[in-house]
Amino acid sequence: MVLHKIIMQLLHFVIVLLGISFLTFSILFLSPRNPAELWLAGSDGNVGMISEEAIAEQERIMGLDKPFLVQYGTWLGKALQGNFGISFTYNTPVTEEIAKHMGPTVWMTVISLTVTILLAVPLGVLCAVYKDQLLDNVMRIFSFFGISLPSFLTSIIFLWFFCIKMEWLPVISKGGAIGILLPSVVLILQFVAKLTRQVRAIILEQLEQPYVDGAITRGVKFKNILFGHVLKNSAAPILTCISIYVGLAFGGSAVIEGIFSVDGLGRMAVSSVARLDIYVIQGFVLWVAIVYLVVNLLVDILSAMIDPRIKYNRKSGGGS
Amino acid sequence: MKKGKKRDYAFGILIVLIALLILIAVFAPILAPNDPYNTDLMAAQAGPSAQYPLGTDSLGRCMLSRVLYGARLSVFSSLLITGIVFCIGVTIGSLCGYFGGIVDAILNKVITIMQAFPQIILAIAITGIMGIGIRNTIIALCMVLWVDYARLSRSFVFSVKGRNFIKAAKICGESDLKIIFSRIIPNIIYPLIVNASLGIASTIMEIAALSYLGVGVEEPQAEWGAMINLGRNYIQTDLKMVLIPGVAIFVTAAVFNLFGEKLRDRLQ
């Protein structure tokens, strides 16, 4: 039975990864820009200067003259052997390029998610328990700012204040822990604003359940109800909520890494999109997808461990 | 009773504010004191004056005019995108949720695949690959955002389709399409509308983020994100180039967010 589940899980992984690679490949194929032309033009962008013959020759070398499915098949075949192609702009293998930029982004994601969870979960619980009181109202205003301010705007204002006005931190990051401090803070503020509200809503929903009334009537202390039942029942949905933030952290870092001159994956992705460095884009997209799948799997397993009512299987049904 | 009245009051103000934003967007060409694309290098990075009420940017373009034209672009595009993805998503989600079967299984995989990576990254990839410009930005965001509505409406249909009134309609011989569009969708539409009104705010911010990254609108299009991108190079000397479009994004997003939250309170 366990073996069956593992096989189903792997099958699911394979289907999702195939789907994603096919989707990005189709978009790349439909692009009005020609990668062969861009390859020949290099970074100069003098695309018009190159002869038709040279482009056709380059298309042949890159395999772009073949039908779509053949191209996809070729890429897939190589990818399965661990060869994800070579970056147009750096002439290095995609895997190397990703490994080089992974550090700062992974650290930013780990740090911001850890701090977010440590702050937002207790705050959300407190806001739910002391609903409509001072803390709840303060957090409501904070959340409101958090969801209405785009991260790149917050980042620029932070950069201005901490690096230019106060000169506490260098404007151009030299890498290391100092370099990812501010971008992590930006992500944390944004995430805490969102997650606190979500945790609050989940806890409130639990507090309205009849079993809470029942326990109060029986004279069970509120503290015991909260820690013994409400939090236990809320853990799984909160965990599911948190898993979404891994993706948000990648998206957020793509937008703000450039501002803080962090040499991470997000910045790499954005600049490779601008140069249509298709194999790097493809590699990045797959990397994000794999992280997402692994995190989701972990969340499913953890949820099943916390709450025995959840049977361990992929939530393929309607639940949102 | 008193509380209800107070809430209506706030709701009314928000409707007025949204109407005001839309009016600003519609009448931007009349309200703008200058041509937003007219460069005046002699007056570059000037402070507020009678001619340029909010000063000028690094190319000497009128900040106020650019912000007003930016409202036009942001408000209209986000309303358009939200409208499109709402219709497409709800239709696909409801049909799949109702009929089930192989198509629904495929949709469910598509939803999982689309959720597997952050929307903004997918949108960056699509616009970057298809080419920069507002048309492609709108297409990219539509391709990314319909999934949310499909997922939500699909799960709502699941919870409604077993109810007695649907069974009754079936026994009475109503066609499946009639059941979907006149029985099921009216029953699930309210939470979806709330989602859409909150979606407008996030779409505005996503358009701005894409333009900020240089994959949204084309230069010299007056757009808030693109204005911040330009202003970013001048934060040491002239913070207003970031702050003015920044405030515009914040206020617009805030109004639509508050509207969505109030709508949720009212409809639930």
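1. A short note on the overall build of chain B
Okay, step 1: Counting secondary structure elements, chain B contains 10 helices and zero strands.
Okay, step 2: Secondary structure elements of chain B, listed N to C terminal, follow the sequence α-α-α-α-α-α-α-α-α-α.
Okay, step 3: For chain B, the spread of C-alpha atoms along the three principal axes comes to 75 × 50 × 30 Å.
Okay, step 4: Looking at the 268 residues of chain B, the share that counts as buried comes to 53%.
Okay, step 5: Sequence-distant contacts, at least 24 apart, represent 71% of the contacts inside chain B between residues at least 6 apart.
Okay, step 6: If you sum the accessible surface of chain B, you get close to 11800 Å²; carbon and sulfur atoms cover 65% of it.
Okay, step 7: Positive and negative side-chain charges in chain B, numbering 23 and 15 respectively, have mean positions lying 13 Å apart.

2. Structural notes on the packing of aromatic side chains
All names here are of chain A.
Okay, step 1: With the rule as written, the count across this model stands at 22 aromatic pairs over all chains.
Okay, step 2: Residues Phe158 and Phe162 carry aromatic rings whose centres are separated by 5.5 Å and whose planes lie at 80 degrees to one another, so their mutual orientation is edge-to-face. Note that Phe158 and Phe162 are positioned in helix H7 (residues 151–165) at a spacing of four residues, about one turn of the helix.
Okay, step 3: Using a relative accessible area of 22% as the deciding quantity, one classes Phe162 as partly exposed.
Okay, step 4: Grouping aromatic residues by their ring pairs yields a cluster made of Phe22, Phe25, Phe68, Tyr72, Trp75 and Phe84.

3. Examining a nonpolar patch on the surface
All names here are of chain B.
Okay, step 1: Taken together, the side chains of Tyr9, Ile13, Leu17, Leu20, Leu23, Val26, Phe27, Ile30, Leu31, Phe76 and Leu79 make up a nonpolar region of the molecular surface, amounting to roughly 1000 Å² of accessible area.
Okay, step 2: When contributions to the nonpolar patch are tallied by element, the ones reaching two or more residues are helix H1 (2–26), helix H2 (28–31) and helix H3 (63–99).
Okay, step 3: Among the elements that take part in the nonpolar patch, H1 stands out by supplying six residues, more than any other.
Okay, step 4: Among the secondary structure elements, Ile13 is positioned in helix H1.

4. Some thoughts on the interface of chain B and chain A
How big an interface is tends to be stated in terms of accessible area lost as the parts join.
Okay, step 1: With 44 residues of chain B in contact, the opposing surface of chain A contributes 44 residues.
Okay, step 2: Summing the contributions of chain B and of chain A, the shared interface buries around 3900 Å²; its carbon and sulfur component is 80%.
Okay, step 3: Applying the counting rule to chain B against chain A returns one residue pair in polar contact (both at pLDDT 80 or more).
Okay, step 4: Only helix H4 (101–115), helix H5 (119–130), helix H6 (134–160), helix H8 (176–212), helix H9 (224–232) and helix H10 (240–267) of chain B provide two or more residues apiece to the side of chain B that touches chain A.
Okay, step 5: A per-element tally of the side of chain B that touches chain A places H10 of chain B first, with 10 residues.

5. Thoughts on the domain arrangement of chain A
All names here are of chain A.
Okay, step 1: Parsing chain A into structural domains produces domain 1 (2–79) and domain 2 (95–315).
Okay, step 2: The distance between the C-alpha centroids of domain 1 and domain 2 comes to 32 Å.
Okay, step 3: At the interface, 17 residues of domain 1 touch 16 residues of domain 2.
Okay, step 4: Among the residues of domain 1 in contact with domain 2, Gln9, Phe13 and Leu28 are the three that bury the most area, contributing 29% of the side total.
Okay, step 5: Here domain 1 and domain 2 share zero salt bridges between them.
Okay, step 6: Taken together, the connections running from domain 1 to domain 2 amount to one residue pair in polar contact (both at pLDDT 80 or more).
Okay, step 7: Of all the elements in the fold, those that place two or more residues in the side of domain 1 that touches domain 2 are helix H1 (2–30) and helix H2 (35–41).
Okay, step 8: Across the side of domain 1 that touches domain 2, the residue classes break down as 10 nonpolar, five polar and two charged.

6. Digging into the environment of Ile120 of chain B
Okay, step 1: Along the polypeptide, Ile120 of chain B turns up in helix H5.
Okay, step 2: The buried category is assigned to Ile120 of chain B, whose relative accessible area is 14%.
Okay, step 3: Each C-alpha atom, one on Ile120 of chain B and one on Phe259 of chain B, is 24 Å from the other, the two residues being 139 residues apart in sequence.
Okay, step 4: Setting aside anything within four residues of it in sequence, one finds Ile120 of chain B in contact with Gly251 and Val255 of chain A together with Glu206, Ala209 and Leu210 of chain B.

7. So, the pattern of salt bridges
Okay, step 1: In total, this model carries 10 salt bridges over all chains according to the counting rule given.
Okay, step 2: For Lys100 of chain A, the salt bridge is made with Glu97 of chain A, and the minimal N-O distance between the two is 3.8 Å. Taken together, the residues Lys100 of chain A and Glu97 of chain A, both in helix H5 (residues 94–129) and three residues apart, mark about one turn of the helix.
Okay, step 3: For Lys100 of chain A, a relative accessible area of 56% gives the class exposed.
Okay, step 4: As a salt-bridge pair, Arg66 of chain B and Asp57 of chain B come within 3.8 Å of each other at their nearest N and O atoms.

Parameters at a glance
- Residues numbered from 1 in each chain as written.
- Chains lettered and ligands numbered in written order.
- Predicted model: local features only at pLDDT ≥ 70, side-chain atom pairs only at ≥ 80, totals over all residues.
- Heavy atoms only, no water.
- Helix = DSSP H or I, 4+ residues; strand = E, 2+ residues; numbered from the N terminus.
- Buried < 20%, exposed > 50% of the residue type's maximum accessible area, 1.4 Å probe, protein only.
- Contact = heavy atoms within 4.5 Å.
- Areas by Shrake-Rupley, 256 points an atom, 1.4 Å probe, with all protein chains shown as cover.
- Lys, Arg positive; Asp, Glu negative; His and termini not counted.
- Charge placed at Lys NZ, Arg CZ, Asp CG, Glu CD.
- Phe/Tyr/Trp six-rings, centres within 6.5 Å; stacked < 30°, edge-to-face > 60°.
- Patch = residues over 30% accessible without salt bridge, like charges linked within 9 Å, V, L, I, M, F, W, Y side chains within 5 Å.
- Salt bridge = Lys/Arg side-chain N within 4 Å of Asp/Glu carboxyl O.
- Buried area = accessible area lost by both parts, 1.4 Å probe.
- Polar contact = N/O pair within 3.5 Å; in protein donor to acceptor, adjacent residues only side chain to side chain.
- Domains from an automatic or database assignment.
- Nonpolar A, V, L, I, M, F, W, Y, C, P; charged D, E, K, R; others polar.

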